Amino acid sequence: MKSKDLTVDEIVAALRHTSIPSIIVEGKDDVMIYRWILRDAGISDDRLFPCTGRNNLLKVFSRRNEFPRTPTLFIADKDVYIYNDIPAEYSDVLFTWGYSIENDLYYGRSIDCLMTKEESKSYEKARKNFIRYYGCQLEKLKENRPYNLSLSPFVILDSNYELVTDKVEYTFTEPTQETCNYLLDNYDLVVRGHSIFQLLQRFLSKSGRDVTHSTHSLYEQCYRMHRTQYMERLQNEVERFCGINHD
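These remarks concern the structure in this document.

Conventions we followed
Here the residue numbers are simple positions, counted from 1 along each chain's written sequence. It should be noted that, the model being predicted, local features are given only for residues of pLDDT at least 70 and side-chain atom pairs only at 80 or more, the latter also being counted only at that level, while totals for whole chains, interfaces and linings use all residues. Side-chain measures here rest on the full set of heavy atoms in the structure, leaving out hydrogens and waters. Pairing between strands requires that DSSP locate at least two bridges from one strand to the other. A run of DSSP states H or I qualifies as a helix once it reaches four residues; a run of E qualifies as a strand once it reaches two. Both are numbered from the N-terminal end. Two residues qualify as a contact provided that any one of their heavy atoms is within 4.5 Å of a heavy atom in the partner residue. Angles run from 0 to 180 degrees between N-to-C directions of axes, and those axes are lines fitted to C-alpha atoms, restricted for helices to the stretch in contact. What counts as a salt bridge is simple: a side-chain nitrogen of Lys or Arg found within 4 Å of a carboxyl oxygen of Asp or Glu. Buried, partly exposed and exposed residues are distinguished by accessible area as a fraction of the type maximum, computed with a 1.4 Å probe on protein chains only: under 20%, between the cut-offs, and over 50%, respectively. In this analysis, rings of Phe, Tyr and Trp, with Trp reduced to its six-membered ring, are considered paired at centre separations within 6.5 Å, and the interplanar angle assigns stacked below 30 degrees, edge-to-face beyond 60, and tilted for intermediate values. By the criterion adopted, a ring carries a charge over it if an Arg CZ or a Lys NZ lies within 6 Å of its centre and within 35 degrees of its normal.

**Looking at the sheet that holds strand β1 (residues 22-25)**
Step number 1: Ordered in space as β2-β1-β3-β4, the four strands form an open sheet in which the pairing is parallel. Each having just a single partner strand, β2 (48-50) and β4 (94-95) make up the two edges of the open sheet.
Step number 2: Across three bridges, β1 lies against strand β3 (residues 72-76) in parallel orientation. Directly across from S22, in β3, lies its bridge partner T72.
Step number 3: Docked against the sheet, helix α1 (residues 8-16) engages β1, β2 and β3, running at close to 165 degrees with respect to β2.

What follows is the structure in structure tokens.
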């Protein structure tokens, strides 16, 4: 499906009137990555249904009784379910292993090798200060208080990679060392992947650099050159759904 702006009702109606096994994903970045997977397997990408967001995907999933004759595979980012259990009602959704598909791409941190030693040193400073913000918000989430895990590193880190606490929503409080250690040790999988790539791009797209990289070019390098076990997992599930048997 080519359109990226279908409503929930339109997606449900389309699925009701097709017999093609259909893969329902979240949005345009997901479509790009799953298109790579399908094309590598020799499968048409016409079966992809982007939902313009995770909430819409889960709404379509909740209405799957309206298109019982259409084989479907729902794939969603785990998102904050990474910090607790996936609700039983979504047990038939295929969730990413990490916070998002970007995390499944990034796992292992191999793409970090594109940075010079000087860039890596600055990146570590930026990453640790970003984790301070992220840990603050994660603790609020766990306390059932308002939180925002999606602030861009470009917004909350200054030119020296220091955290600008005034730009952190819901009042910044220093997270515990335990929370920071958890996030640093499991950074690949539990910190929002889109933010990780934004932070990488801050260093790898700088003016004057011999080679610059966009976020999408970093996605492709991870997919093509640093394929992770979690991307292999997604690919295997997609191929199994599409009837490709490797036995």
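**So, the pattern of salt bridges**
Step number 1: What the rule picks out here adds up to 14 salt bridges.
Step number 2: Put simply, R240 and E237 hold a salt bridge, and the shortest N to O gap is 3.0 Å. Separated by three residues within a single helix, R240 and E237 lie in helix α11 (residues 229-241), roughly one turn from each other.
Step number 3: By relative accessible area, which is 53% here, R240 ends up exposed.
Step number 4: When salt bridges that share partners are traced, they join D9, R16, R63 and E66 into one network.

**Brief notes about the packing of aromatic side chains**
Step number 1: One pass over the full model with this rule turns up 16 aromatic pairs.
Step number 2: Both rings, one in Y107 and one in Y230, keep their centres 4.8 Å apart while their planes meet at 65 degrees; by these two values the pair is edge-to-face. Of this pair, Y107 sits in the loop between α4 (101-106) and α5 (117-142) while Y230 sits in helix α11; the two residues are 123 residues apart in sequence, bridging distant segments of the chain.
Step number 3: A centroid spacing of 4.8 Å and a plane angle of 85 degrees characterise the contact between F197 and Y219, whose relative ring orientation is edge-to-face. With F197 in helix α9 (residues 193-204) and Y219 in helix α10 (residues 215-225), this residue pair connects regions lying 22 residues apart in the sequence. You'll find F197 and Y219 in the same group, each marked buried.
Step number 4: Here the aromatic cluster, defined as three or more aromatic residues joined through ring pairs, consists of F61, F74, Y81, Y90 and F95.
Step number 5: Looking at R54, its charged tip hangs above the ring of Y81, at a distance of 4.6 Å from the centre.

By themselves these figures say nothing about function.
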